[in-house]
Every structure is written in structure tokens, then in C-alpha cells.
Amino acid sequence: MKVRQAAPGSALFFLVGPGSVVVLIPWLLSRWRFDGPPPSGLDWLMIIGRAAGVVLTLAGGAFLVHAFVRFVVEGFGTPVPAAPPTRLVVGGAYRHVRNPMYVAIFAAVGGQALLFWSFPVLVYLAIAIMVVVCWVRIFEEPQLRRRFGDDYVRYCGNVPGWLPRLRPWRPAFGT
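Residues numbered from 1 in each chain as written. Predicted model: local features only at pLDDT ≥ 70, side-chain atom pairs only at ≥ 80, totals over all residues. Heavy atoms only, no water.

1. Examining helix 4 (residues 119–158)
Spanning 40 residues, helix 4 covers only 36 Å between terminal C-alpha atoms, well under the ideal 58 Å at 1.5 Å per step. Of all the bends in helix 4, the greatest, near 125 degrees, is centred on Phe 148. Of the positions making up helix 4, those classed as buried are Val 121, Tyr 124, Leu 125, Ala 128, Val 132, Val 136, Glu 141, Phe 148, Tyr 152 and Tyr 155. In this structure Ser 118 caps helix 4, since a side-chain oxygen of it lies 3.3 Å from the backbone nitrogen of Val 121. (Helix = DSSP H or I, 4+ residues; strand = E, 2+ residues; numbered from the N terminus. Expected span 1.5 Å × (residues − 1). Bend = angle between axes of the 7 residues up to and from the residue. Buried < 20%, exposed > 50% of the residue type's maximum accessible area, 1.4 Å probe, protein only. Polar contact = N/O pair within 3.5 Å; in protein donor to acceptor, adjacent residues only side chain to side chain.)

Encoded structure:
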């Protein structure tokens, strides 16, 4: 698949998939209302939490876009299982963590939980993390092992799945 073919599909999937998970569902749960303050004396905690929420939401959104672009320009495919990348994506944020899209989604949703001080969004985040980690272990990782073989095994041995490494991995293959 060429970049011109992959880009529109990725953009549409971005709006429908992560758009629902990161925007629609948190909005339905919180209506993006700033809930009342926590118990007296903890106002500083709310201010720090909301500031962290803004940073996490914006950083998560930026990394999510970056990860989608990498799939198109490096992998010549999309994150959609029906049109997967033809090359293993190991550049950019993928040098630090194997699942930057999911980590970015978790950051953006967690940021909204903090920003809006929303317990329902926090519960949604916990459930989403459990479901996604299971999905990756049961479906995605075995499929990637079959598709990319030793390159993927070597990648897994050098790049953590969920907690980013500080120094980027420099593969001997790919980009």
C-alpha cells in the first residue's frame, strides 16, 4: 500500500476509532464539566491535577497523531486490521515504546479524568487499560510475530510494551 492510499484510511479510522475512545466516550461520561472542588484544604491538589490533566491530554493527542502518521509513512499501511502496514513500524515514538497509540490514548483519557476531576472517566480508563492489554497480548502480538518474524521478536526484546524507555532504540533493520 502506498502513502496516498494509506493516509485517507488512517485519517478516517483516527476519527472513528480513537476519536470515539478519546473524545466521545469521555465527553459522554463527563460532559467536560468541571466538577466541584475536592474537600476543603485540597484546592492545591485540584490545581496541580488539572494542570497535569491539560499536559497529559495535549501530549497524548500529539503522540497519537504522530503514531498514526508513522503507520502511513513508515509502515505503508494503516492501524486498521483490514489494511495493516506492510513494514514493521519501529521509528519515532515506536523506538521508545511498542504501543505508543495505546499509551497516548491512555494519557489523553487519564488527562481528561484529572482535568475534569471525573471519577467515571477514571473508571473508564481502568477498564480500557485492562481490555487493551488483553487485546494486545491475545491478538496483536501473536499476529505481529507471524507477520514480521524475527524482526518483531528482536524489537520486543529491546522496546518495552507499555512504559517508554528513555533512550530510543536503534534497530539494525528497518528505519
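Now that the structure has been shown, we can carry on.
2. Let's talk about the layout of surface pockets
As a volume, the largest pocket reaches approximately 850 Å³. Looking at the largest pocket, it is lined by 38 residues, and the ones nearest its centre are Pro 79, Met 101, Tyr 102, Trp 135 and Glu 140. For the lining of the largest pocket, the secondary structure elements donating two or more residues are helix 1 (3–30), helix 2 (43–73), helix 3 (100–115) and helix 4. Tallying contributions element by element places helix 4 first for the lining of the largest pocket, with 15 residues. In terms of residue class, the lining of the largest pocket is built from 29 nonpolar, four polar and five charged. Computed from the structure, the second largest pocket encloses a volume of approximately 320 Å³. Lining the second largest pocket we find 17 residues, and of these Val 97, Val 103, Ala 104, Ala 107 and Pro 164 sit closest to its centre. For the lining of the second largest pocket, the secondary structure elements donating two or more residues are helix 2, helix 3 and helix 4. (1 Å grid on protein atoms, 1.4 Å probe; cavity = no way out; pocket = protein on both sides within 12 Å on 5 of 7 lines; lining within 4 Å. Points joined across faces, edges and corners; volume = space filled by probe spheres on them. Nonpolar A, V, L, I, M, F, W, Y, C, P; charged D, E, K, R; others polar.)

3. A few points about the side chain of Glu 141
Mapped onto the elements of the fold, Glu 141 is located in helix 4. With relative accessibility at 6%, the residue Glu 141 sits in the buried group. The contact partners of Glu 141, leaving out residues within four places of it in the chain, are Arg 98, Val 136 and Tyr 152. (Contact = heavy atoms within 4.5 Å.)

4. A few points about the pattern of salt bridges
This model, assessed by the stated rule, comprises four salt bridges. When the shortest N-O distance is used, the salt bridge between Glu 141 and Arg 98 registers 3.2 Å. Here the residue Glu 141 occupies a position in helix 4, and Arg 98 occupies one in the loop between helix 2 and helix 3, the gap between them amounting to 43 residues. Note on accessibility: Glu 141 and Arg 98 belong to one class, buried. (Salt bridge = Lys/Arg side-chain N within 4 Å of Asp/Glu carboxyl O.)

5. Observations concerning a nonpolar patch on the surface
On the surface, a nonpolar cluster with roughly 590 Å² of combined accessible area is contributed by Phe 119, Leu 122, Val 123, Ile 127, Met 130 and Val 131. Along the polypeptide, Leu 122 turns up in helix 4. (Patch = residues over 30% accessible without salt bridge, like charges linked within 9 Å, V, L, I, M, F, W, Y side chains within 5 Å. Areas by Shrake-Rupley, 256 points an atom, 1.4 Å probe, with all protein chains shown as cover.)

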